[in-house]
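Here are the chains, one letter per residue:
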Number of protein chains: 2
Amino acid sequence: MTGRRNPGERRRRMVEAACELIPEVGVNGLTHRLVAARAGVPLGATTYYFASLDDLVAAALTRAAEVTEEGLRLWSEELERCADVPATLAALTADYLRERDRMVTWNELYAAAAHRPELRPLARLWLDGLTRSLSRYAGARAARAAAVFVDGALLYSLINDEPLDAESLERSLAALLAMDAG
Amino acid sequence: MTGRRNPGERRRRMVEAACELIPEVGVNGLTHRLVAARAGVPLGATTYYFASLDDLVAAALTRAAEVTEEGLRLWSEELERCADVPATLAALTADYLRERDRMVTWNELYAAAAHRPELRPLARLWLDGLTRSLSRYAGARAARAAAVFVDGALLYSLINDEPLDAESLERSLAALLAMDAG
DNA sequence: CTCGTACATGTACGAATGTACTACTTCTGG
DNA sequence: CCAGAAGTAGTACATTCGTACATGTACGAG
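Predicted model only: the values in this text are computed from it and were never measured.

**Q** Looking at this model, I keep getting lost on the pattern of salt bridges. Mind explaining?
**A** Close approach of charged atoms allows side chains of opposite charge to pair. All names here are of chain B. For the structure on display, the rule yields 30 salt bridges over all chains. In this structure, Glu 16 and Arg 12 form a salt bridge, with 3.1 Å as the shortest nitrogen-oxygen distance. You can see Glu 16 and its partner Arg 12 sitting in helix 1 (residues 7-25), 4 residues apart, about one turn around the helix. Look at Glu 16 and you get partly exposed, because its relative accessible area is 37%.

**Q** What should I look at first to understand the packing of aromatic side chains in this one?
**A** Each aromatic ring pair is summarised here by two numbers: the centre-to-centre distance and the angle between the ring planes. Tallying each qualifying case throughout the model produces 10 aromatic pairs over all chains. Each ring, one from Trp 75 of chain B and one from Tyr 96 of chain B, has its centre 6.2 Å from the other, and the planes form 85°; the classification is edge-to-face. Of the two residues, Trp 75 of chain B is situated in helix 4 (residues 53-81) and Tyr 96 of chain B in helix 5 (residues 85-96); the sequence distance between them amounts to 21 residues. Exposure class is identical for Trp 75 of chain B and Tyr 96 of chain B. Each is buried. Connected via pairs of aromatic rings, a cluster forms that spans Trp 75, Tyr 96 and Trp 126 of chain A.

**Q** I would appreciate a short explanation of the protein's contact with DNA strand C in the present structure.
**A** In the vicinity of DNA strand C lie 23 residues, with Arg 5, Arg 10 and Tyr 49 of chain A together with Arg 5 and Leu 53 of chain B positioned nearest. Atoms of DNA strand C within 4 Å of the protein belong to the sugar or the phosphate in 65% of instances, the rest to bases. With respect to DNA strand C, the backbone of His 32 of chain B contributes an N or O atom lying 3.2 Å from a phosphate oxygen. Here a phosphate oxygen of DNA strand C sits 2.9 Å away from a polar atom, N or O, in the main chain of Leu 53 of chain B. Elements supplying a minimum of two residues to the surface near DNA strand C: helix 1 (7-25) and helix 3 (43-49) of chain A together with helix 2 (32-39) and helix 3 (43-49) of chain B. Broken down by element, the residue count for the surface near DNA strand C peaks at 5 residues, all from helix 3 of chain A.

**Q** Could you clarify how one ought to interpret the interface of chain B and chain A in this entry?
**A** Interfaces are often sized by the accessible area lost when the parts come together. Listed per partner, the contact involves 45 residues of chain B and 45 residues of chain A. Our enumeration of links across chain B and chain A arrives at 6 salt bridges. A salt bridge links Arg 141 of chain A to Asp 165 of chain B; the shortest N-O distance between them is 2.8 Å. Counting across the interface, chain B meets chain A through 15 residue pairs in polar contact (both at pLDDT 80 or more). For the side of chain B that touches chain A, the elements supplying multiple residues, two or more each, are helix 1, helix 6 (100-115), helix 7 (120-134), helix 8 (140-159) and helix 9 (166-177) of chain B. Per element, the largest residue contribution to the side of chain B that touches chain A is 12 residues, and it comes from helix 8 of chain B. Tallied by class, residues from the side of chain B that touches chain A come to 23 nonpolar, 9 polar and 13 charged.

Cut-off values and rules
Residues numbered from 1 in each chain as written. Chains lettered and ligands numbered in written order. Predicted model: local features only at pLDDT ≥ 70, side-chain atom pairs only at ≥ 80, totals over all residues. Heavy atoms only, no water. Salt bridge = Lys/Arg side-chain N within 4 Å of Asp/Glu carboxyl O. Helix = DSSP H or I, 4+ residues; strand = E, 2+ residues; numbered from the N terminus. Buried < 20%, exposed > 50% of the residue type's maximum accessible area, 1.4 Å probe, protein only. Phe/Tyr/Trp six-rings, centres within 6.5 Å; stacked < 30°, edge-to-face > 60°. Near = heavy atom within 4 Å. Polar contact = N/O pair within 3.5 Å; in protein donor to acceptor, adjacent residues only side chain to side chain. Contact = heavy atoms within 4.5 Å. Nonpolar A, V, L, I, M, F, W, Y, C, P; charged D, E, K, R; others polar.

Here you go:
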């Protein structure tokens, strides 16, 4: 009953527990004990599988980045098959802005990356990936501007009860994507 | 020599010390001892002047918000007297994006506000204030969109070595401010 | 089988933290 | 002038933390 032998699964559960905890307590609120309790493993397991707490945090943020990249592929496909890129992008963004936990997690990654440069490549995945996707429908400058706006909308939704309305999103993104190509 | 009697000044120095420390260690890295050491006061002074560490943090973030509001007034005046609003706004933003400490502090406030709702009004000051300023030159929707973009540019600069270039800023802001009024 | 290695688990420990507390000094109102 | 309030300063204490470690258990190679 106690601990069935299963290294991969145990590690995975700890990473998942850490991902669950980040929106609740923040990256800096993570502790070995909190993760162990949430994952249902003894305290010692956290130090056995991760060289340090920083490693555990990095593993959790890396996992969060993987999830984000997966979401990015979905966005890419959706944009590919749609007729109206700005409208579709606005709709996808509006959906994103309703998933508070994902937004908080991503902002935690930004904040952590601001203090720890080694995390910056991870933090760039979303913005760079989205920019690359949008480059198929607009100039490089316009694509990046639209991606920057989406991140601004994320920040806005973090501190306002009501996220940006769908029409504002669509008009703004349309305006940016229609910018002269650089 | 030790501590001349001067309550107001002491409190002010501790708040200032906390503001200095936030970009270095983050909001969650603040401790009584760190603030006391930086301010040059004994440990006891921090608990005498602030009911709890949260109070100290709140005081520091409030002070940071005051500085931001002051900066906002400068932006307002600059925009008032200029000929080309998007170009001036882009230049002001470009200057802002070079002050890394201010950006990090502001992002720390966002992250803290995401977890502590009582800080949200403070976090909204910048975005709401900028939106209000811009409302004199564009519709409500366009003004807000431009402010959201500026915050997105802040996030972008936090995790990239090179901030957004001036031309991208100007074109993007021009496109947003020219949006149909809502 | 058996033995070494990888995994599991509970406990221990030094360091750091928030906060309370005691003693001391300076100021102020009567 | 002189209490008592307000400010200053050093220290103490319970708690929590990251991490190390000792012991126990399963499992695959020979």
